[in-house]
Amino acid sequence: MAGALLGTAMLVVAFSLIFGWLIPCGIALFGYGFGMGIWDVSQNIEGAEVERRGTKTIMPKFHAAFSGGAFAGALLGGLLARLGVPLWLHLMAVVALGAILIMIATRSFLPAHVDHDAPRTSRWKPWTEPRTLLIGLVVLAAALTEGSANDWVAKATVDSFHVGGSGGAIMFAVFVASMTIFRYAGSALLDRFGRVPVLRGCLTAAIVGLLIFVFAPNPYLAAVGAVLWGAGAALGFPVGMSAGADDPVHAAARVPAVSTIGYAAFLVGPPVLGFIGNHVGVRHSLLVVAVVCVVSLLSAPAVRPPQNQEQRSR
C-alpha cells in the first residue's frame, strides 16, 4: 500500500512539473510523506522480526542500505541534471524502477501476520510507557543529528568557507558516506559491546564531530568533523527501532510511537535551526543539535534489550 501511494504521489508531482499544477502538487507531497511514514514503520517492523529470528544484529545494515540509496540517488540525480534530463522524467523513471524492485523484494518478506502468544497492546498504550518514550528521545536526537546535516551541512559549508556549491555537495557526501559505512560496520560493534555502550560512543562522536565542524577554521578540518558527525548519527535510529520492537507482541504499536517522536525532529528541526541560523549563522546554529545529543545520552540506557535478549545483543 505504501509503495503504491508513494508511486502515485511521485507521478502526480511529475505531471505537476509538466503542467504547472500547484495545489495537486502540494496534495501529492502530503501523500508522499504519509506513504513514506507507513513505509518506514512497516520496514522497521519487518527488519526487527528478521533480526529477532537470527543470531546477529542486522538492523543497522538495513539502514545502511537506506543511506546508500540516498547517496546513490543524489549522485544519479546530479548526473541526470548535468545531462539536461528534466526533473519530471527523473521522477517517472524512479517510479518505474521502484515498482519493479518492490514487486521482486516483497516476495521474500515474512508473512503479514505472525502469531504470538500474548495479547497485543493498544495503539495508544506506548505513549504512556516511560521506556518507549525514552527510546523515542534517543531516536529524536538521532533524527535531528542526521536531518540537520541533510538540510544544512552544504549551506553551512558554502556560507562559512566560501567554497561554492560543489564544495557544499562534497561535504554532504562526506557526511553521508561516513554514516553509511559506520551503519554497515555497526552491527558487529553492537554484537560485541552491546547497545548502550555503542550508542553512548555514537552520541559522543556526534557531539565532538559537531563541535569540530562548527568551530573548524578551514573546510579540511570541518570535513574531519563531518566524518565523526556522520559516524555518530549512524546507529541511533536503527538501534531505537530494534529497541522499540524488542517485544514482538507489542512491536506494531511501539515502533510507530518511537518513529513519530523521531520524525518530529524532521518536522521541527529545519525551521528551528533556520530561525536560529538567521541570528547566529547556520554553522553555529548546529550547536543546538549537540545539546540535544547531550540530553539523549541520559536516555541511552532505555535501549538496553530485555533480559532474555541480552546475551545476543552482546
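Basis of the calculations
Residues numbered from 1 in each chain as written. Predicted model: local features only at pLDDT ≥ 70, side-chain atom pairs only at ≥ 80, totals over all residues. Heavy atoms only, no water. Salt bridge = Lys/Arg side-chain N within 4 Å of Asp/Glu carboxyl O. Helix = DSSP H or I, 4+ residues; strand = E, 2+ residues; numbered from the N terminus. Patch = residues over 30% accessible without salt bridge, like charges linked within 9 Å, V, L, I, M, F, W, Y side chains within 5 Å. Areas by Shrake-Rupley, 256 points an atom, 1.4 Å probe, with all protein chains shown as cover. Buried < 20%, exposed > 50% of the residue type's maximum accessible area, 1.4 Å probe, protein only. pLDDT = per-residue confidence, 0-100. Contact = heavy atoms within 4.5 Å. Core = buried A, V, L, I, M, F, W, Y, C linked by side-chain atoms within 4.5 Å.

Next up on the list: the pattern of salt bridges. Within this structure, the stated rule accounts for 9 salt bridges. Note that Arg53 is salt-bridged to Glu49, the shortest N-O span being 3.3 Å. Linking Arg53 with Glu49, this pair stays in helix H2 (residues 23-53), spanning 4 residues, or about one helical turn. Across the salt bridge formed by Arg254 and Glu129, the nearest N and O atoms sit 2.9 Å from each other. Of the two residues, Arg254 is situated in helix H10 (residues 251-280) and Glu129 in the loop between helix H4 (87-105) and helix H5 (130-161); the sequence distance between them amounts to 125 residues. Connected via shared salt-bridge partners are Lys125, Glu129, Asp247 and Arg254.

Okay, a nonpolar patch on the surface next. A surface patch of nonpolar side chains, about 810 Å² in accessible area, is lined by Leu11, Phe15, Leu17, Ile18, Phe19, Trp21, Leu87, Trp88 and Leu89. Broken down by secondary-structure element, the contributors of at least two residues to the nonpolar patch are helix H1 (2-19) and H4. Of all the elements, H1 adds the most residues to the nonpolar patch, at 5 residues. Its relative accessible area of 38% is what places Leu89 among the partly exposed residues.

Here we take up the confidence of the model for the protein chain. Keep in mind that low pLDDT regions are not for reading the predicted coordinates in detail. Across the protein chain, the average pLDDT comes to 86, with 94% of residues at or above 70. When pLDDT is averaged over each element of the protein chain, helix H8 (residues 219-232) comes out on top at 95 and helix H13 (residues 310-313) at the bottom at 46. Taken as a whole, residues 310-314 scores under 50 in pLDDT and shows 17 contacts with residues more than four places along the chain or in a different chain.

The next subject is the nonpolar core. Grouped together as the largest cluster of nonpolar side chains are 56 residues, with contacts concentrated most on Ile135, Phe175, Phe213, Trp229, Met241, Leu286 and Val303. Contributing elements (two or more residues each) for this core: H2, H5, helix H6 (164-193), helix H7 (195-215), H8, helix H9 (236-244), H10 and helix H12 (287-299). The element best represented in this core is H5, accounting for 12 residues. Beyond its immediate chain neighbours, meaning those up to four positions away, Val303 contacts Arg131, Ile135, Val138, Arg195, Val196, Leu199, Val239 and Ala243. Core analysis: the second largest hydrophobic core is formed by 8 residues, Met10, Val13, Leu91 and Val95 among them.

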